[in-house]
Amino acid sequence: MDSVRVAVRVRAFNQTEKDAGCVCIISLALNRITIWDPRNRRNTKTFTFDLAYWSHSGFVRNEEGILIPDGPTSKYADQRKVFNDLGQELLSNAWQGYNTTLLAYGQTGSGKSYSMIGYGPDKGIIPLTCDELFKTIKQNQEADKQFQIYFSMLEIYNEKVIDLLSKHPGGLRVRENSQRGFYVEDVKLVPCENYNQIEQLMEEGTRKRTIASTNINVTSSRSHMIITVQFKQVFLKDHLTKQSNINLVDLAGSERQKTSGSEGDRLREGTAINLSLTTLGNVISALAEIAMGKRMLHVPYRNSTLTKLLQPALGGNSKTLMIATVSPADICYEETLSTLRYTERTKNIQNKAVINENATERLVQELKAENAKLQLKITKIRNSGKRVEEETAELRRLLAGNELLLVEIQTSWEQRLEKAQKEWKHQFVNLMQERFMIQMFPYLSNVNVDPQLTAFVRHFIQDGESVVGQSGNFPQAIIIRGLGYVETETNFFKKYRGVVGMPSGSFSKNIAEKHATITNQNSKVSLEPHGQARVILNGVLIHTKVKLAHLDRLILGSNSTYLYVGYPSERNNEDLSKYDYDFFQSELAKVEGFDREALGHMGRNNRSVDPSVLAVLYDYIRVKPMVVEANQISGDLHKDFSFDLEVKNLALTDSRGSDLTKEVMVKVTNKVTDQIWVWSKAKFVNRKFIMEDVYQRFVDGQNISEDRENDPFWDPIEAVHLGSAYVWLQSLSYCIVLEEHVEFRNSQGKEEAILQMNLVPCNPSGQPLGEKEILIDPTELVGHRLDFQVQITRCLGIKWLKENIKRGIQISYRVLNHPYLFHSEPVWNTVNAKVDHTMQFAVKCVSQELLNYLQNHALVLDLWGLQEGCEEMVFPGNFEVTDKGSIIIDYVGSQLLSNKDEDKGDEQFSELYIKLSKLEQETDLLRNINRTLRNDNVMLQTAINKMSDGRE
């Protein structure tokens, strides 16, 4: 039994993390990785793996452009170091005849593809392994031994297997038989005799992956890629073959789903990408339990296409390695911790690998015998006169599969190689033509969210006018196929005319048939949008003709992103890698007023930007294009929903006046009914994936369920948080009536309404205290009872009602640390609402802790917008009350402190509070001494007065 060997690699900060001023929260010593919580550095977790690589710091770029350690003492692990450990182990296993697998796992953007494929001259494990394999073969040539290498490249997206080397569209079937287990039917295995051919095939597969991602609007981070190098050692004298399948798997990016409402969402696991990663986690957990000696009745391999194909690698006939990549940035803490935990379970899995030595002649005889049995079964069914259509069809499929396998085995290596070489010659001609065009003309180069898919599509701008759009019916057409592309649009409309929800106008507003015109005249290039087509240049929406400059950034439609590369004379060997997807989106966000500099003025008191706001900026630039696409899908399907990206709590604070945690939210509006929902980022991302699946099925002509429970646009109607107001409680400690006019402000700091309310100290019967009861020294309250009323009288100028008078509002608040929220009665259909809410509270014994709380905290009131169909807030009841009906909130000591310390786990704040408490105790002692001295002073003054009177 062989345990799965696990390696973890810590990558360097990306540009966004650098700009955000992120802090490294990971340390590495030998194979032990320690991660600490950025909110509490004492909260650490340590994990031990078979291998661990520090690729975060201590590197320089050499003359060839390769990252290497910056000195002999540097612990930086470069690409060659990772290959020497993992790649060489793969090759060693392959030469012995074992199946071997390398899995790359990690969150989106953590560096999986960089480790596996590489970038530019920094080649990753896959190209280095293939290159080294051919070098070793060249050194071990023997007369009676033949080496055969076959290459395949598959992608799994939405539970479909796509052959990236095949010219035929559509997915491939996954089959199973007793000899081979699960396998992909009709996968193209290309024979290769040198590394250059594999490099060319990888480029071809990546190009097809890029084009496919553009057409169906997905990124490679949402799909799995499986590269298989089938390595055969043929011993000619013995008629034996020793075969190894080297599987190199780049898994889709894992995204931690925040516990912000999406955890229980009915559609959360509706996306195939989530399903496959979840199933993989379940398989790993089950196999880890088995390795620990627990009895498991079922390992759920069959629950997803990915786990079917990975069955040999996990608990089967394979020597398996896993490399997990993580970001060390504080804003990625939860995702990194999740990856480390996931990976730690994997190292417990045990496989049983065997050397694959097959006698070719014996295998042929076994296949022929199985074919004879299948043919006999078909004959018996026919002779019996039974019409068993499904069984007969399945038998014929099995028979056809075996026949193909026989043909594959009996087809000579030379014949396959000759066929492949013809295809390479054609590809070579195309490649040379593209290189020639690069040296002659300016062009548009694609930019993808995944760097591995960037710069694989080039649209050359030749002399004259070129029409950019979905249609190729122009003399010089630059075909951009973004969201909503339909191959035969006219036939599509004929077929589905009259279908409920079918768009009546042009199908896609994203990329029009004629979207823009690019003119190349006298070596000067200009671009002009057509009609209302959406064209963004360097972050700015344009409507008129503009001249293009070298390295201009273009966004066409919702998210077709391109870098304009000018004539060769304009190029200066610039590093184009800086113009990545995040650069485009950051530029767009900056034009919209949401960038790092602007954020410094949006926080409270114009303080410097805190890490939580910077994390939101990172989320904002990633989610923004998804929101644009969601609006596009909604428009094309005539769903009448609009999506707007907002930042929750950017301008709001807690009861101490401290900034609340920031997060990206998506506001969803039904444009017909004016109903509004607010979705968390996690919920929106999941719904967006499902919207795309529904949209693609619709484009493919499949029936779409009208059941609203399965509609990603639909959600139960609920109240919407409009804003918060803050009324400081200090007046209660002096027993002074507070009459306030305060503003409800939304998360952007804009006024939503004006609140009129009072805080009224009173006696147990509810009578307001008079001027005589006002306290000069608040400490006199300690040990006594405090009664007060919260009176909310009016809410004026409510914008929520100005937008739609049919709506309503409620106001909620929490008093001290009482477990229940209190709220006013709902008020409907009026912009200036008369609320008339009064609630009386009683503290039976005021403690020093409570007095401190009143001095430094506010009563936070939240304004909620009601809409037709949503449930109003109701009292839970069962309050503890006095005999006069006052609600008791008599919490003291640590109970109250739990409300004060709202940032749980913040030990630094706790230490400061302990010091503050000691100082307050010392102050109390000094007050008592001062009070005694004043009394003594009064007595002495009285005695002196009496003595003076006697003398007189």
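Details of the structure are given in the entry above.
Only a predicted model underlies this, so the values are computations on that prediction, with no experimental measurement involved.

Conventions and cut-offs
- Residues numbered from 1 in each chain as written.
- Predicted model: local features only at pLDDT ≥ 70, side-chain atom pairs only at ≥ 80, totals over all residues.
- Heavy atoms only, no water.
- Buried < 20%, exposed > 50% of the residue type's maximum accessible area, 1.4 Å probe, protein only.
- Helix = DSSP H or I, 4+ residues; strand = E, 2+ residues; numbered from the N terminus.
- Pairing = 2+ DSSP bridges.
- Axes fitted to C-alpha atoms, helices over the stretch in contact; angles between N-to-C directions.
- Contact = heavy atoms within 4.5 Å.
- Expected span 1.5 Å × (residues − 1).
- Core = buried A, V, L, I, M, F, W, Y, C linked by side-chain atoms within 4.5 Å.
- Salt bridge = Lys/Arg side-chain N within 4 Å of Asp/Glu carboxyl O.
- Phe/Tyr/Trp six-rings, centres within 6.5 Å; stacked < 30°, edge-to-face > 60°.

Chemist: Any details on the pairing of strand β6 (residues 51–54)? Residues and values, ideally.
Modeler: Burial along β6 is two-sided: L51 and Y53 facing one way and A52 and W54 facing the other are all buried. Judged from the 4 bridges that link them, strand β2 (residues 5–10) and β6 form a sheet pairing that is parallel. Note that in β6 the partner of A7 across the bridge is L51.

Chemist: Give a detailed account of unusual backbone geometry, specifying residues and quantitative values.
Modeler: Located in the positive-phi region is L30, a residue other than glycine, with phi close to 55°. Of note in this structure, S523 is not a glycine but carries a positive phi near 65°. Mapped onto the elements of the fold, S523 is located in the loop between β26 (516–521) and β27 (524–529).

Chemist: Just give me the short version of the sheet that holds strand β33 (residues 641–648), but keep the residues and values in it.
Modeler: Pairing within the open sheet is antiparallel, and its 3 strands lie in the order β33-β34-β35. The two strands at the open ends of the sheet, each matched to only one other strand, are β33 and β35 (676–680). Shown here is a sheet whose adjacent strand axes are inclined to one another by a mean of 25°, direction ignored. Inspection of the sheet shows strand β34 (residues 663–670) paired to β35 by 5 bridges, in the antiparallel sense. What sits directly across from M665, in β35, is S680. Sitting on the sheet, helix α16 (residues 681–699) is in contact with β33, β34 and β35, with an inclination near 100° to β35.

Chemist: Before we move on, can you summarise α16 with the specific residues and values?
Modeler: Compared with an ideal rise of 1.5 Å per residue, which puts 19 residues at 27 Å, α16 spans 27 Å between its outermost C-alpha atoms and is within 8% of the ideal. Burial analysis of α16 places 16 of its 19 residues in the buried class, which makes it a mostly covered element.

Chemist: Lay out the nonpolar core with the relevant residues and their values.
Modeler: Counting residues in each nonpolar core, the largest one holds 47 residues, and the members touching the most others are Y813, F841 and L861. Membership of the second largest hydrophobic core comes to 43 residues, among which are L28, V184, Y333 and I349.

Chemist: Any chance you could break down the side chain of D37 for me, citing the residues and the numbers?
Modeler: By the element assignment, D37 lies in strand β4 (residues 32–37). Beyond its immediate sequence surroundings of up to four residues, D37 is in contact with N43 and Y333.

Chemist: I'd like a description of the pattern of salt bridges, backed by residues and values.
Modeler: Opposite charge on two side chains allows them to pair when their charged atoms are near. As enumerated under the stated definition, the model contains 28 salt bridges in all. Between R39 and E334 there is a salt bridge whose closest N-O contact spans 3.6 Å. Highlighted residues: R39 in the loop between β4 and β5 (40–48) and E334 in helix α8 (residues 333–346), separated in sequence by 295 residues. Put simply, R173 and E185 hold a salt bridge, and the shortest N to O gap is 3.3 Å. You can see R173 sitting in the loop between β13 (160–163) and β14 (174–177) and its partner E185 sitting in the loop between β15 (181–184) and β16 (190–192), a full 12 residues away along the chain. Note on R173: relative accessible area 39%, which makes it partly exposed. Linked by salt bridges that have partners in common, E203, R207, E434 and R458 make up one network.

Chemist: Can you lay out the pairing of strand β39 (residues 786–796) for me, pointing to particular residues and giving the numbers?
Modeler: Buried residues dominate β39, accounting for 8 of its 11 residues. Across 9 bridges, the pairing between strand β38 (residues 751–762) and β39 is antiparallel. The residue of β39 that forms the bridge with C762 is D787. Across 9 bridges, the pairing between β39 and strand β43 (residues 833–843) is antiparallel. Residue pairing in the sheet places I792 in a bridge with H837 of β43.

Chemist: Would you mind going over the packing of aromatic side chains in detail, with residue names and values included?
Modeler: Two descriptors summarise a pair of aromatic rings, namely the distance from one centre to the other and the angle between the planes of the rings. Scanning the model with the defined rule gives 16 aromatic pairs in all. Relative to Y342, the ring of Y105 has its centre 4.2 Å away and its plane inclined at 10°; by these criteria the two rings are stacked. Taken as a pair, Y105 in strand β9 (residues 100–106) and Y342 in helix α8 lie far apart in primary sequence, 237 residues in all. As far as burial versus exposure is concerned, Y105 and Y342 are alike and both buried. Between F643 and F713, the aromatic rings sit 6.3 Å apart at their centres with planes inclined by 55°, giving tilted as the arrangement.

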